Amino acid sequence: MSKSPSADTSGRPRPNKSVFARLGSAEISWRERQVFLAEHGYMLRPRYRPGWTPSWEIDPTVDILNAEDHLSTFPTRPNLMDARRMSDNELVLIKRVRSDSAELRIACALYSDTLRNNPRNHSVPVLEILRDPEDETWSYMVMPFLRYIDDPPFESIENVLDCCEQLLEGLAFLHEQGVAHRDCAYRNVMMDAKALFPRGFHPRAEKCLPDQISVRAPVLSRRDIPVKYYFVDFGISTQFGSGDSDRLVTGTFGLDQDVPELSNDKPYDPFKVDIFILGNMFTKLFYEKYANVNMLTPLLYEMLSPDPAERPTAAESLEKFRSIRRGVSTLWASCRPRPRDESLPVTAVLNAAAFVGSVLRSFV
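Rules used in this analysis
- Residues numbered from 1 in each chain as written.
- Predicted model: local features only at pLDDT ≥ 70, side-chain atom pairs only at ≥ 80, totals over all residues.
- Heavy atoms only, no water.
- Helix = DSSP H or I, 4+ residues; strand = E, 2+ residues; numbered from the N terminus.
- Rg over C-alpha atoms; globule rule 2.2 N^0.38 Å.
- Buried < 20%, exposed > 50% of the residue type's maximum accessible area, 1.4 Å probe, protein only.
- Contact = heavy atoms within 4.5 Å.
- Areas by Shrake-Rupley, 256 points an atom, 1.4 Å probe, with all protein chains shown as cover.
- Polar contact = N/O pair within 3.5 Å; in protein donor to acceptor, adjacent residues only side chain to side chain.
- Core = buried A, V, L, I, M, F, W, Y, C linked by side-chain atoms within 4.5 Å.
- Pairing = 2+ DSSP bridges.
- Expected span 1.5 Å × (residues − 1).
- 1 Å grid on protein atoms, 1.4 Å probe; cavity = no way out; pocket = protein on both sides within 12 Å on 5 of 7 lines; lining within 4 Å.
- Points joined across faces, edges and corners; volume = space filled by probe spheres on them.
- Nonpolar A, V, L, I, M, F, W, Y, C, P; charged D, E, K, R; others polar.

Draft legend 1. Local environment of the overall build of the protein chain. Within the protein chain one finds 11 helices and 14 strands. Computed over C-alpha atoms, the radius of gyration of the protein chain comes to 23 Å, within 12% of the 21 Å expected from 2.2 N^0.38 for 364 residues, which places it in the range of a compact globule. On the principal axes, the C-alpha backbone points of the protein chain span a range of 65 × 60 × 40 Å. Taken over 364 residues, the protein chain has a buried fraction of 46%. Counting contacts in the protein chain only where the partners sit at least 6 residues apart, residues at least 24 apart contribute 66% of the total. Total accessible area computed for the protein chain in this model is approximately 18,500 Å², and 55% of it derives from carbon and sulfur atoms.

Here it is, written out as structure tokens:
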């Protein structure tokens, strides 16, 4: 039987090359800013450079799905673009924002000269702000390229506890500055994972090498490499002055719609909303997923109280968490997070493998 003309020799469906060769409207707008960004030291991928010709058109033997330049930008976030800082080849993320937006003002304030070096500050670093050369009502915020906090996955209870403490510490710091994030859910807390990828990774094929998306990027163990966690996207955040007596807001926007008090009419405390959101993320990401993190139960119960007045402040939550962490033994902290649906025989085998691996790494 002859192969379908719509399939290649491996039997895979043959991709429509014209689709990948055509830039979308958002991509075109980034291409139009490529020269401007390069003049300021940031190079976009080949796909977004003027005069780009798809690699598979230059060389017909190129497998389009293995071609780096077939990958577009973030389809649901047209205001985001990855780039390389030309001075050191560092991967960065560029975000197009309104020049007069509260997001830009708050992000810059949190990364000001007086705050950026504070170790308790976990707001995303703002490396540079570039004003659009043709429309000054828009700006480009340059930040490190971060990853979701569970990619690569957590490998030990210590990883989980470190993540919780850093984020609670960072939230307490934000609140001290009068900033309520209001959207500190899973997608808006991220980590700087570059130390885990000795050869880097591709921004749109994040498990692959930067320039070889058919090759998986080597990843170091999270047990051995510390990472830092950050709050990102201050798009609906609110900052209050030290003299503001009214610290209530309205609005129902945000990733976490489980927050009980959200309202467009009745004002509520946005700082207590942050406590609920972070507690809800810890619950879904850790407590509901792993069987050996039950030490978090008392704190999560308080953070998720339906009554905002019953929730602890960020500083209180951090203090309570640190008390919990001090009670976790070194042996328990070294255990791998055990999925709640994992059978005991599987747990025994995987725990033994994790223990042997940690012993071997100690001799390296």
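That was the structure; now back to the text.
Draft legend 2. Local environment of unusual backbone geometry. Following Asp-151, the chain continues into Pro-152 via a peptide bond in cis, with omega recorded as 5 degrees. By the secondary structure assignment, Pro-152 is in the loop between strand S6 (147-148) and helix H6 (157-176). Non-glycine residue Asn-89 carries a positive phi angle of around 65 degrees. With respect to the secondary-structure elements, Asn-89 resides in the loop between strand S2 (80-85) and strand S3 (90-98). A positive phi is found at Arg-182, a non-glycine position, where the angle reads about 75 degrees. Along the chain, Arg-182 turns up in the loop between strand S7 (179-180) and strand S8 (189-192).

Draft legend 3. Representation of the side chain of Thr-238 within the structure. Inspection of the secondary structure assignment puts Thr-238 in strand S12 (residues 238-239). Among the polar contacts listed, one links the side chain of Thr-238 to the side chain of Arg-182, at a separation of 2.9 Å. When residues no more than four places from it in sequence are discounted, the contact partners of Thr-238 are Ile-106, Gly-178, Val-179, Ala-180, Arg-182 and Val-249.

Draft legend 4. Examining the nonpolar core more closely. If you look at the biggest cluster of nonpolar residues, it comprises 74 residues, and the most contacted ones within it are Leu-167, Phe-282 and Phe-286. Once residues within four sequence positions are removed from consideration, Leu-167 is found in contact with Val-189, Tyr-229, Phe-231, Leu-278, Met-281 and Phe-282.

Draft legend 5. How the structure looks around the pairing of strand S4 (residues 128-131). Here S4 pairs with strand S5 (residues 138-144) via four bridges, running antiparallel. Of the residues in S5, the one forming a bridge with Arg-131 is Ser-139. Counting the residues in the hairpin turn of S4 and S5 gives six residues.

Draft legend 6. Summary view of helix H7 (residues 270-287). End to end, H7 covers 24 Å across 18 residues, agreeing with the expected 26 Å (1.5 Å per residue, within 8%). Of all 18 residues that make up H7, 16 are buried, and the element is covered over most of its length.

Draft legend 7. Broad picture of empty space enclosed by the protein. With the rule as written, the count across this model stands at one cavity of 30 Å³ or more. Taken as a whole, the largest cavity spans an internal volume of roughly 40 Å³. As for the largest cavity, its lining consists of Arg-182, Ile-236, Phe-253, Leu-262, Tyr-268 and Val-273. Considered class by class, the residues forming the lining of the largest cavity number five nonpolar, no polar and one charged.

Draft legend 8. Quick peek at the sheet that holds S2. On the basis of which strands lie adjacent, the open sheet formed by five strands has the order S1-S2-S3-S5-S4 and antiparallel pairing. Each edge of the sheet is formed by a strand with only one pairing partner; in this case those strands are strand S1 (42-43) and S4.

Draft legend 9. Spotlight on the environment of Asp-63. Along the chain, Asp-63 turns up in the loop between helix H4 (55-58) and S2. Exposure remark for Asp-63: the relative accessible area of 27% places this residue in the partly exposed category. Between the alpha carbons of Asp-63 and Arg-131 there is a distance of 39 Å; along the sequence they are 68 residues apart.

Draft legend 10. Spatial organisation of the layout of surface pockets. Considering only enclosed or pocket space, the largest pocket measures out at about 540 Å³ in volume. What lines the largest pocket is a set of 26 residues, and nearest its centre among them are Arg-77, Leu-80, Leu-93, Tyr-148 and Met-190. Going through the elements one at a time, S3, helix H5 (102-110), S5 and S6 are the ones with two or more residues in the lining of the largest pocket. The dominant element in the lining of the largest pocket, judged by the number of residues it contributes, is S5, at three residues. Broken down by class, the residue content of the lining of the largest pocket amounts to 15 nonpolar, two polar and nine charged. Space inside the second largest pocket adds up to approximately 300 Å³. When contributions to the lining of the second largest pocket are tallied by element, the ones reaching two or more residues are S2 and S3. A per-element tally of the lining of the second largest pocket places S3 first, with three residues. Within the lining of the second largest pocket, the residues separate by chemical class into eight nonpolar, two polar and seven charged.

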